[in-house]
Amino acid sequence: MKVFKKIVDLQNALFEERKQGKEIGLVPTMGALHEGHASLVRRSVGENGVTVVSVFVNPTQFNDKNDLKNYPRDLESDCALLESCKADYVFAPEVEEMYPTPDTRHFEFPPVSTVMEGAHRPGHFNGVCQVVSRLFYIVRPDRAYFGEKDWQQIAVVKAMVRQLELGVQIVECPIVRDDDGLARSSRNSLLAPDERAIAPAIYKALKSSLAYAKKHTLKQTHDKVVADINKVEGLDVEYFSIVDGNTLQDVAEWEDSPYIVGCITVYCGKTPIRLIDHIKYKEA
């Protein structure tokens, strides 16, 4: 496995791989890697001749400077995990390499980019699109792999790929959870032991709402999930949106769409740490 800091060095290596007819898979990450990321890398390794993993904490997608400063970073540990997954190349640039000049491009894909995370974290998806499009231009992958935990992000990236006509296949990979149900996330490493102990209540409430939803209205289900989580001391729901799985617009009744997803963001602990998750109520 080779680690590159410079765009030109990575591109030269990929040029040689392409000459041999190899397809290229890309796994974009912000580091602090865990089993969720490993599952993406292993899938890419199985489906492509070459797998590139980017490790870059992208400043343009943070609307909170403290969140950016505190985001976990451990490149040495990340590389050990990636080598065990048989990744070929790691791209770990400095900020100045990715953004030699400020990126002034503006991306907006309403309604998918303007609701939920888009509404609560202004500028977040614009930053995501800036860095992901840049990675796509640098690597020119045949496939790019994203975890379903960041479910809305996938919808936004797909919209960007369509608009820019990038010709990369976006591969969605299932959430990886700990044994107690908590979705694997780089932010989990920031949880204190007492915070980690209460965090699984988020998925527990979502999962139990599946049976509840069969006999109750959409609003009743929404309110129960919020109440079940908020009654746990140390957890505070920022939003819980039950939406059409394609448009990401709120739905009022279960009959309104054949594809319905509940998306939630919860603040956990004293710091607090912002955790996201989702559950699918109906799939077409």
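Values in this document were obtained by computation on a predicted structure and should not be read as measured data.

A. Expanded view of the overall build of the protein chain. Regarding its fold elements, the protein chain presents 11 helices and nine strands. A compact globule built from 284 residues should have a C-alpha radius of gyration of about 19 Å, and the protein chain, at 19 Å, falls within 12% of that. Dimensions along the principal axes, computed over C-alpha positions, put the protein chain at roughly 60 × 40 × 35 Å. Surface accessibility of the protein chain: about 13,600 Å² in total, with carbon and sulfur atoms responsible for 50%. The centroid of the 35 positive side-chain charges in the protein chain is displaced by 2 Å from the centroid of its 41 negative side-chain charges.

B. Structural view of the UniProt feature "active site" (unreviewed entry) in the protein chain. Look at the UniProt record and you will see "active site" (unreviewed entry) annotated at His37. Residue position: His37 is located in helix H2 (residues 35–47). Here His37 falls in the buried class, since its relative accessible area comes to 13%. Residue contacts for His37: discarding those within four places in its chain leaves Thr29, Gly31, Ala32 and Ser186.

C. Quick peek at unusual backbone geometry. Residues Pro110 and Pro111 are joined by a peptide bond in cis, for which omega reads 5°. Tracing the chain through its elements places Pro111 in the loop between helix H5 (95–98) and helix H6 (117–120). The peptide bond linking Thr271 to Pro272 adopts the cis configuration, its omega dihedral lying at -15°. With respect to the helices and strands, Pro272 occurs in the loop between strand E8 (260–268) and strand E9 (273–282). One non-glycine residue, Met116, lies in the positive phi region at around 50°. The buried category is assigned to Met116, whose relative accessible area is 5%.

D. Fine view of the pairing of strand E6 (residues 169–173). Pairing geometry for strand E5 (residues 143–147) and E6, over five bridges, is parallel. Looking at the pairing, Tyr145 lines up with Val171 of E6.

E. Up close: the packing of helix H1 (residues 7–19) against helix H7 (residues 124–139). It is the contact of H1 with H7, at a shortest axis distance of 9 Å, that shows an interaxial angle of 50°. On the basis of the axis angle, H1 is oblique to H7. For the pair H1 and H7, contact is made by Ile7, Leu10, Gln11, Leu14 and Arg18 and by Arg134, Tyr137, Ile138 and Val139, respectively. Partitioned by chemical class, the residues of the contact of H1 with H7 number six nonpolar, one polar and two charged.

F. A look at the sheet that holds E6. An order of E1-E4-E3-E2-E5-E6 is seen for the six strands of this open sheet, with the pairing classed as parallel. Edge positions in the sheet fall to strand E1 (2–4) and E6, since each of these pairs with one other strand and no more. On average, each strand axis in the sheet is tilted by 25° relative to the strand beside it, whichever way the strands run. Where strand E2 (residues 24–29) lies against E5, two bridges are found, and the strand directions are parallel. Bridge pairing in E5 links Leu26 to Ala144. Here H7 sits on the sheet in contact with E2, strand E3 (50–55), strand E4 (89–91), E5 and E6, set at roughly 150° to E2.

G. A look at the packing of aromatic side chains. Inspection of every chain in the model, using the stated rule, returns six aromatic pairs. Arranged with centres 5.1 Å apart and planes meeting at 50°, the rings of Trp254 and Tyr281 form a pair that is tilted. Taken together, the residues Trp254 in the loop between strand E7 (235–244) and E8 and Tyr281 in strand E9 connect sequence positions 27 residues apart. For Trp254, a relative accessible area of 13% translates into the label buried. Sitting over the ring of Tyr203, Arg177 keeps its end group 3.5 Å from the ring centre. Above the face of the Tyr212 ring, Lys224 is positioned so that its terminal group lies 5.4 Å from the ring centre.

H. Summary view of the pairing of E8. The element E8 is extensively covered by neighbouring structure, given that eight of its nine residues are classed as buried. Sheet analysis places E8 next to E9, joined by nine bridges and oriented antiparallel. Opposite Gly262, over in E9, you have Ile279 as the bridge partner. Here E8 folds back onto E9, and the loop between the two strands holds four residues, one of which, Gly269, carries a positive phi near 85°.

Rules used in this analysis
- Residues numbered from 1 in each chain as written.
- Predicted model: local features only at pLDDT ≥ 70, side-chain atom pairs only at ≥ 80, totals over all residues.
- Heavy atoms only, no water.
- Helix = DSSP H or I, 4+ residues; strand = E, 2+ residues; numbered from the N terminus.
- Rg over C-alpha atoms; globule rule 2.2 N^0.38 Å.
- Areas by Shrake-Rupley, 256 points an atom, 1.4 Å probe, with all protein chains shown as cover.
- Lys, Arg positive; Asp, Glu negative; His and termini not counted.
- Charge placed at Lys NZ, Arg CZ, Asp CG, Glu CD.
- UniProt positions renumbered as here; feature names shortened; annotations may be inferred.
- Buried < 20%, exposed > 50% of the residue type's maximum accessible area, 1.4 Å probe, protein only.
- Contact = heavy atoms within 4.5 Å.
- Pairing = 2+ DSSP bridges.
- Axes fitted to C-alpha atoms, helices over the stretch in contact; angles between N-to-C directions.
- Parallel < 35°, antiparallel > 145°, perpendicular 65-115°, else oblique.
- Nonpolar A, V, L, I, M, F, W, Y, C, P; charged D, E, K, R; others polar.
- Phe/Tyr/Trp six-rings, centres within 6.5 Å; stacked < 30°, edge-to-face > 60°.
- Lys NZ or Arg CZ within 6 Å of the ring centre and 35° of its normal.

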